[in-house]
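Summary of structural features
Given next are the chains, with one letter for each unit.
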Amino acid sequence: MGQVNISKRAAKRIRQGHLWVYKSDIRDLREVDAGAIVTVVDEANNFVGQAFYSDRSEIALRFLSTRREQIDREWWRARLQACAERRADLAKETNAFRLVYSEGDLLPSLIVDVYDGNFVLQTLSQGTDRWQDEIVELLIEEFKPRSILERNDARVREIEGLELRKGIIWSVPAEQPGSPARQPRWGGRSAGGALDEIEINQHGVRFIVSPLASQKTGAFLDQRENYLAAARLARGRALDCFTFNGGFAIHIAKSCENVLGIDISEDAIAGARRNAELNQLTNVEFRTANVFDALREMEAAGERFDTIVLDPPAFTKSRATIKSGARGYKEINLRALKLLNPGGVLVTCTCSYHMSEEMFPEIIADAAVDARRRLQIVKKRGQSSDHPVLLGVPETHYLKCVIARALE
């Protein structure tokens, strides 16, 4: 095992709970390979832990352990089992959830999502990419999935110097009458097939997801619990902005007279309409539109709503773009508040880590002042419980959701 010496500052950061060391804090390297697990010591040669080493990313080290232990196949098996145990109750309520949430589960750069027994894998660093075959084998042994797909087309892999790829990497063929016992198909990658569409169930609501074609790994699993919270307070005429596959719109439909969902993507709107039909909803309409333009046009037309949901993509993905991102969040909240009836409910979200828990409500407050509305915060929420926030690693807390009521 190679060894990496890090700065005093970086060692302190790890001992305080973080899992990353940046390239600028590397002091010395000895016999290290890209993607290897290395021993990490501080400037005084004191043991700090064991980590994946990357020779391309600014995040040079991702810590797996701060103990002297053998990180082998059985170590990975135990970590995967622990993830499953923490989600045992959740697996009884839904067939779609995140089984492994990278740093949040002490498995940096590894994500595993489950869609009705089909596992979608992301290995987002040189380290987890080297371990991918063994991780797949362990998932098969421990969980007996229907299939395992990979969505390794995320941009972060380019930063790691890794190829982008996606497809089916393992599946059990469907049984045919009179056929012999099922044998798994292993090896190779298929970009299509029957696994392009999977039906999932969340709180009794049915959705069709496409793990190989959709955003993320097929669905926004991090909003699952916020869908329920919104449905409890939603009422009257509702507007769901950036609806994607209709997650919020379809969940709140039973609480509302009618719901309009809008999204700029025609494919997303087609999927949302299909999901509404799947749930036999007749009070939900979806339109393809640029949300910013649509909000201005609705204001000019004098339209009003009793419930408005804002779930946009991240407007800021770095510290350098925080100011421009803040302007985007303020603009959509301002426009939405001008369309909200007195007593109406606003559900507004940001999925940007760089938009802090303190900053986001301030932006909403600024929008309320400009809209001449008084808002009462009903709830502050975050990502679903299968996306746990690890104390000491603030980057694991990225989703913020504010539910507010317009008092006047």
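Reading guide: rules and limits
Residues numbered from 1 in each chain as written. Predicted model: local features only at pLDDT ≥ 70, side-chain atom pairs only at ≥ 80, totals over all residues. Heavy atoms only, no water. Axes fitted to C-alpha atoms, helices over the stretch in contact; angles between N-to-C directions. Helix = DSSP H or I, 4+ residues; strand = E, 2+ residues; numbered from the N terminus. Parallel < 35°, antiparallel > 145°, perpendicular 65-115°, else oblique. Left-handed = near helix turned anticlockwise from the far one by under 90°. Contact = heavy atoms within 4.5 Å. Nonpolar A, V, L, I, M, F, W, Y, C, P; charged D, E, K, R; others polar. Expected span 1.5 Å × (residues − 1). Buried < 20%, exposed > 50% of the residue type's maximum accessible area, 1.4 Å probe, protein only. Arc of directions from axis to C-beta. Pairing = 2+ DSSP bridges. Core = buried A, V, L, I, M, F, W, Y, C linked by side-chain atoms within 4.5 Å. pLDDT = per-residue confidence, 0-100.

Before going further, it helps to spend a moment on the packing of helix H10 (residues 291-300) against helix H11 (residues 322-339). Interhelical geometry of H10 versus H11 gives an angle of 30 degrees and a closest axis separation of 9 Å. Accordingly, the angle class assigned to the pair H10 and H11 is roughly parallel. Remark: the crossing between H10 and H11 carries left-handed chirality. Contact residues: H10 offers Phe-292, Leu-295, Arg-296, Met-298 and Glu-299, while H11 offers Gly-328, Glu-331, Ile-332, Arg-335, Ala-336, Lys-338 and Leu-339. Among the residues making up the contact of H10 with H11, the classes are represented as six nonpolar, one polar and five charged.

What follows covers helix H9 (residues 266-278). Helix length check: H9, at 13 residues, gives a terminal C-alpha distance of 18 Å against a target of 18 Å (1.5 Å per residue), a fit within 8%. Listed in full, the buried residues belonging to H9 are Ala-268, Ile-269, Ala-272, Asn-275 and Ala-276. For H9, the buried positions fall inside an angular range of 120 degrees around the axis, keeping them on one side. Opposite the buried face of H9, at more than 90 degrees from it, the exposed residues are Glu-266, Asp-267 and Glu-277.

Inspection of the secondary structure assignment puts Ala-294 in helix H10. Along the backbone, Ala-294 and Arg-335 are 41 residues apart, and their C-alpha atoms lie at a distance of 9.7 Å. The residues contacting Ala-294, other than those within four sequence positions of it, are Ile-262 and Ala-289.

Here seven strands make up an open sheet; going across it, the order is S17-S16-S15-S18-S19-S21-S20 and the pairing mixed. Two strands close off the open sheet at either side, each with one partner strand: strand S17 (284-288) and strand S20 (375-381). Each adjacent strand pair in this sheet contributes to an overall mean axis angle of 15 degrees, direction not counted. When strand S19 (residues 340-350) meets strand S21 (residues 400-406), the two strands line up antiparallel, connected through six bridges. From the neighbouring strand, Val-347 faces S21, where its bridge partner is Ile-403. Across the sheet, H9 is in contact with strand S16 (258-263) and S17; its angle to S17 comes to roughly 170 degrees.

Further remarks concern unusual backbone geometry. Outside of glycine, negative phi angles account for most residues, and trans bonds account for most peptide bonds. At Ser-109, a position not held by glycine, the phi torsion is positive, near 70 degrees. Of note in this structure, Lys-216 is not a glycine but carries a positive phi near 55 degrees. For Lys-216, the location among the structural elements is in the loop between strand S14 (205-209) and helix H7 (224-233). For Lys-216, a relative accessible area of 35% puts it in the partly exposed group.

The nonpolar side chains of soluble globular proteins are, as a tendency, buried together. In this structure, Tyr-115, Ile-252, Val-259, Phe-286 and Val-347 are the most contacted members of the largest nonpolar core, which totals 38 residues. For this core, the elements supplying multiple residues, two or more each, are strand S13 (198-202), S14, H7, helix H8 (247-252), H9, S17, S19 and S21. Not counting the four nearest positions on each side in its chain, Ile-252 is found in contact with Ala-230, Ala-231, Ala-234, Ala-238, Val-259 and Val-309. In this structure, Val-114, Phe-119, Ile-135 and Trp-170 belong to the second largest nonpolar core, which totals 27 residues.

The subject of this paragraph is the confidence of the model for the protein chain. The share of residues in the protein chain with pLDDT of 70 or more is 94%, and the mean pLDDT across the chain is 93. When the criterion is pLDDT under 50, residues 176-193 qualifies, and its contacts beyond four places in sequence or with other chains add up to 35 contacts.

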